[in-house]
Amino acid sequence: MSDYSFIKEFQNIKLINICKKLGINQSNVISGQTTEENYRRVKNEIIRELLMLIIQDKGESLITLALYDEVIMKLEKENKSLREMI
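Reading guide: rules and limits
- Residues numbered from 1 in each chain as written.
- Predicted model: local features only at pLDDT ≥ 70, side-chain atom pairs only at ≥ 80, totals over all residues.
- Heavy atoms only, no water.
- pLDDT = per-residue confidence, 0-100.
- Helix = DSSP H or I, 4+ residues; strand = E, 2+ residues; numbered from the N terminus.
- Buried < 20%, exposed > 50% of the residue type's maximum accessible area, 1.4 Å probe, protein only.
- Arc of directions from axis to C-beta.
- Salt bridge = Lys/Arg side-chain N within 4 Å of Asp/Glu carboxyl O.
- Core = buried A, V, L, I, M, F, W, Y, C linked by side-chain atoms within 4.5 Å.
- Contact = heavy atoms within 4.5 Å.
- Polar contact = N/O pair within 3.5 Å; in protein donor to acceptor, adjacent residues only side chain to side chain.

Our focus in this paragraph is the confidence of the model for the chain. Averaged over all residues, the pLDDT of the chain is 89; the fraction at 70 or higher stands at 99%. When mean pLDDT is compared element by element in the chain, helix α3 (residues 26–31) scores highest at 97, while helix α4 (residues 36–85) scores lowest at 85.

Moving on, we come to helix α2 (residues 15–22). Along an α-helix, residues three or four positions apart point the same way, because every turn accommodates 3.6 residues. Within α2, the full set of buried residues consists of Ile 18, Cys 19 and Leu 22. Considered in projection along α2, the buried side chains sweep an arc of 95 degrees and stay on one side of the axis. Gly 23 occupies a position one or two residues after α2 and carries a positive phi of about 70 degrees.

Moving on, we come to the pattern of salt bridges. Enumeration over the complete set of coordinates arrives at 4 salt bridges. Glu 37 serves as the salt-bridge partner of Arg 40, at 2.5 Å between the closest nitrogen and oxygen. Placement of the pair is Arg 40 and Glu 37 together in helix α4, with a separation of 3 residues, close to one helical turn. Accessibility expressed as a relative area gives 39% for Glu 37, which makes it partly exposed. Across the salt bridge formed by Glu 45 and Arg 48, the nearest N and O atoms sit 2.9 Å from each other. Of this pair, Glu 45 and Arg 48 both sit in helix α4, 3 residues apart, which is roughly one turn of that helix. Salt bridges here are not isolated pairs; linked through shared partners, they connect Lys 21, Glu 45 and Arg 48.

Grouped together as the largest cluster of nonpolar side chains are 6 residues: Ile 18, Cys 19, Leu 22, Ile 24, Val 29 and Val 42. Per element, the largest residue contribution to this core is 3 residues, and it comes from α2. With sequence-adjacent residues up to four places away left out, Ile 24 is seen in contact with Cys 19, Val 29, Thr 34, Asn 38, Arg 41 and Val 42.

To continue, consider the environment of Arg 41. Looking at the secondary structure, you find Arg 41 in helix α4. Overall, Arg 41 belongs to the partly exposed group, its relative accessible area being 30%. For the pair formed by Arg 41 and Ile 55, sequence separation is 14 residues and the distance between their alpha carbons is 21 Å. When residues no more than four places from it in sequence are discounted, the contact partners of Arg 41 are Leu 22 and Ile 24.

Here Asn 38 shows up in helix α4. In terms of polar contacts, Asn 38 uses its side chain to reach the side chain of Thr 34, at 2.7 Å.

Structure representation (structure tokens):
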């Protein structure tokens, strides 16, 4: 995904669309007149949409990082076991 495409897609994340999708009144969200549950749902949807965009942009890099993290965790466990044996 190009930088331009990322920016264009980021602009498509709009509060009005999220509120419509969730069936929540946008005016109540903006004015502080809705429930904590609704705020949580809106916040989680914003995060979900942003994460989906990031995954589209950095998909392969994220997979590589996850695999690298897994290898590091295994090495740390092995080192801990070896230290205990010594």
